[in-house]
Amino acid sequence: MARVVQKFGGTSVADPEKILRAAKKAARRHAAGDQVVVVVSAMGKQTDTLVHLAQQITNSPSAREMDMLLSTGEQVSVSLFAMALQSMGHKAVSLTGGQVGIRTDSSHTKARIQSISTNHVSRILDGGAIVIAAGFQGYDSDGNITTLGRGGSDTTAVALAAVLNADCCEIYTDVDGIYTTDPRVHANAARLSTVSHDEMLELASLGAGVMHSRSIEFAKKFGVPIVVRSSFEDGPGTTIVPSQSSSQRAVSGVALARNEARITVEDVPDKPGASHQLFAELSSEGIAVDMIIQNAGSGGMADISFTVTDENLDSALRISTTVAESIEAAGVTHNADVAKVSIVGVGMVGAEGVAATLFQAISAAGINVHMITTSEIKISVLVDRVNAKKCVQAAHQAFNLDGFIDASSPSEEIATQKSDPLEVVRRLEGMEDLAIEDCQLDMSQALVTFFNLPNTPGVAADVFQAVGRAGLNVDMIVQSFPRNGRAEISFTIPESDRKQALDAVRNIASDLGANATDVPKVAKLSLTGIGIRSHAGVADKLFAPLADAGVNIDLISTSEVRVNVIVSAEHGTNSLRILRNAFELE
Ligand code: ADP
Ligand code: ASP
Ligand code: MG
């Protein structure tokens, strides 16, 4: 007898007929002798309708009352789902998040799960009934109803599968699996047979709305096997696996985050502590920042740029303006019409020329890139929102993903998938807390910066093609937001390549009418864990102790599983100790 969790999204339970159809899937498993927990979303666009209703009453509804309102959507669908199963002769019991025992923190409308008690659900399952649990909701220590954030039913499902030690979590939705990019954005997107946890975490957190990224945090932390399938047709779907051993592809997918906004604080005094103050204030209001880039600056001043989502723009601007005044920066600029396009793939590690290929494709499409950040398994570019779709398509084609046939097979991988929770998870107070696993120091890199580059489409392509021709292996890449029509690109390379790099770098700079500098040895510190970008405050926790010790951060790049910072070589060992201490890794 297996234990499965099946989750049905809004479109899959949009009307009575679809509820009956979905219930049949649960009934089939139950009839085969399995224990079945079903997690359902609100019917169709019901949550949007409820949001709209609230907006008609007030522009600023309290978050607590929003949760009270939004949670009703799922209460409707679970009861109907249970009735559907009962009408087919199965025992079924519907439960709200509170009745299941999903305890969360009190951050209404974006609550994090702290614990789930399994007694009630297990008792019902052992009594032979199917449990229908409301997705997306929980309750806090004062008994208030909370919700997990839009799309949060995936997270309910995977978290339940984790605590119930389920054999599989099946996500039924309106697409038949995870695609190389959103099939609604690019019709030539292709279904993947398997995708790794790290890739899915990045894709989801960078905009692929098919899965709530926090659900993949649970999958990775607790080793939950997930299959994503269509609720309307039978098929193999996509299996989300711990690692992608069988795949040869460099890039697995392209993600689009359309609703991004860029903020730049200009002429920040280039000393430790300035960025800390900014990010501390932002995180204290729960604003998650991404694509944090500080340019190399001149005359003791640097610009700090970062992106936030549209909904956080107003508060982020207000905070940035206040902080800019207090640290005596020149001012704040912003752009609300940008989008972030990212390529993701564990196969990028070790593949040659990925950056050059991407920038070349974007340049050939005539699109200007405002900012670039990378991590080991992703490259993100910020472009004008009007160019977003074209940029996704250009990237998708450049990595031969149009009509891609994924030959990887999930069968042998899923067999080994169930694993013990990581040691670090056992130390967490709340299930969904940030899990930092390790901090490493790499002293083998040199830093190269091109400044005064023309801000025209294709400049990144030119730089990285030339770098590729010179046979250089680039690691971190950052392009800061252009100032006065001039762009700046920094990257790290192995220290051993530096001599060879310098000639190439000088030639490239003079060809492009730019200047170049290099730092022969820098220290790269990498924190690894789960949920790094989605937890507001990691940047702050990192900047604060380094600033207190007088250490300036030259470059930073973040992903869901890793944050890298570059500091000067003399501060390497010291910074490692400071960060290990700050993140309690001793
Ligand atoms: P549900 O209501 O079942 O949770 P969602 O609307 O949240 O469904 O997610 C499914 C949608 O996600 C698809 O219809 C698709 O447009 C979108 N999507 C975005 N990126 C991807 C991707 N990489 N693969 C598949 N679907 C994607
Ligand atoms: N009903 C919620 C929403 O629409 C949760 C979900 O569907 O996952 O965001
Ligand atoms: Mg969803």
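See the structure above.
The paragraphs below set out a description of the structure included in this document.

Rules behind the numbers
- Residues numbered from 1 in each chain as written.
- Chains lettered and ligands numbered in written order.
- Predicted model: local features only at pLDDT ≥ 70, side-chain atom pairs only at ≥ 80, totals over all residues.
- Heavy atoms only, no water.
- Patch = residues over 30% accessible without salt bridge, like charges linked within 9 Å, V, L, I, M, F, W, Y side chains within 5 Å.
- Areas by Shrake-Rupley, 256 points an atom, 1.4 Å probe, with all protein chains shown as cover.
- Salt bridge = Lys/Arg side-chain N within 4 Å of Asp/Glu carboxyl O.
- Helix = DSSP H or I, 4+ residues; strand = E, 2+ residues; numbered from the N terminus.
- Buried < 20%, exposed > 50% of the residue type's maximum accessible area, 1.4 Å probe, protein only.
- Polar contact = N/O pair within 3.5 Å; in protein donor to acceptor, adjacent residues only side chain to side chain.
- Near = heavy atom within 4 Å.
- Arc of directions from axis to C-beta.
- Contact = heavy atoms within 4.5 Å.
- 1 Å grid on protein atoms, 1.4 Å probe; cavity = no way out; pocket = protein on both sides within 12 Å on 5 of 7 lines; lining within 4 Å.
- Points joined across faces, edges and corners; volume = space filled by probe spheres on them.
- Nonpolar A, V, L, I, M, F, W, Y, C, P; charged D, E, K, R; others polar.

So, about a nonpolar patch on the surface. Judged by side-chain polarity, Val76, Leu80 and Met83 come together as a nonpolar surface patch covering roughly 250 Å² of accessible area. Among the structural elements, Leu80 can be located in helix α3 (residues 63–87).

The next subject is the side chain of Thr173. Here Thr173 lies in strand β9 (residues 168–173). With a relative accessible area of 12%, Thr173 lands in the buried category. Within the structure, the side chain of Thr173 is placed 3.4 Å from the side chain of Asp174, a separation counted as a polar contact.

What follows deals with the pattern of salt bridges. This model, assessed by the stated rule, comprises 32 salt bridges. A salt bridge links Asp503 to Arg506, with the nearest nitrogen and oxygen atoms 3.7 Å apart. One end of the pair, Asp503, and the other, Arg506, are both in helix α16 (residues 498–511), three residues apart, so they sit about a helical turn from each other. Judged by relative accessible area, Asp503 falls into the partly exposed class, the value being 48%. Across the pair Glu560 and Arg533 runs a salt bridge whose closest N-O atoms are separated by 3.8 Å. Taken as a pair, Glu560 in the loop between β23 (555–558) and β24 (562–568) and Arg533 in the loop between β22 (515–530) and α17 (538–548) lie far apart in primary sequence, 27 residues in all.

Moving on to the site of ligand 2. Taken together, Ser41, Ala42, Thr47, Glu74, Phe136, Arg150, Gly151, Gly152 and Ser153 make up the full set of residues near ligand 2. Contact distances for ligand 2 include 2.8 Å between a nitrogen atom and a side-chain N or O atom of Thr47. In this structure, Glu74 approaches ligand 2 through a side-chain N or O atom, which is 2.7 Å from a nitrogen atom. When isolated, ligand 2 has an accessible area of 260 Å², and the protein chains bury 86% of it.

All right, on to helix α18 (residues 572–582) then. Of all the residues in α18, the buried ones are Gly572, Ser575, Leu576, Ile578 and Leu579. In an axial view of α18, the angular spread of the buried residues amounts to 165°, which keeps them on one side of the axis. Looking at the packing, one finds that the buried side of α18 touches β19 (435–454), β22, α17 and β24. With its phi angle positive at about 50°, Glu584 sits one or two positions after the end of α18.

What follows is about empty space enclosed by the protein. Here the structure, examined in full by the defined rule, presents six cavities of 30 Å³ or more. Taken as a whole, the largest cavity spans an internal volume of roughly 160 Å³. In this structure, the largest cavity is lined by 19 residues; those nearest its centre are Val289, His535, Gly537, Val538 and Ala539. Of all the secondary-structure elements, those providing two or more residues to the lining of the largest cavity are α9 (274–284), α17 and β23. Counting residues per element, the lining of the largest cavity draws most heavily on α17, at four residues.

Taken together, the neighbourhood of ligand 1 is formed by 17 residues, with Thr173, Asp174, Tyr179, Asp182 and Arg184 sitting nearest. The side chain of Asp174 places a nitrogen or oxygen atom 2.9 Å from an oxygen atom of ligand 1. Here an oxygen atom of ligand 1 and a side-chain polar atom of Arg184 are 2.4 Å apart. Isolated, ligand 1 exposes 570 Å² of accessible area, and the fraction of that covered by the protein chains is 84%. Its residues assigned to classes, the shell around ligand 1 shows six nonpolar, seven polar and four charged.

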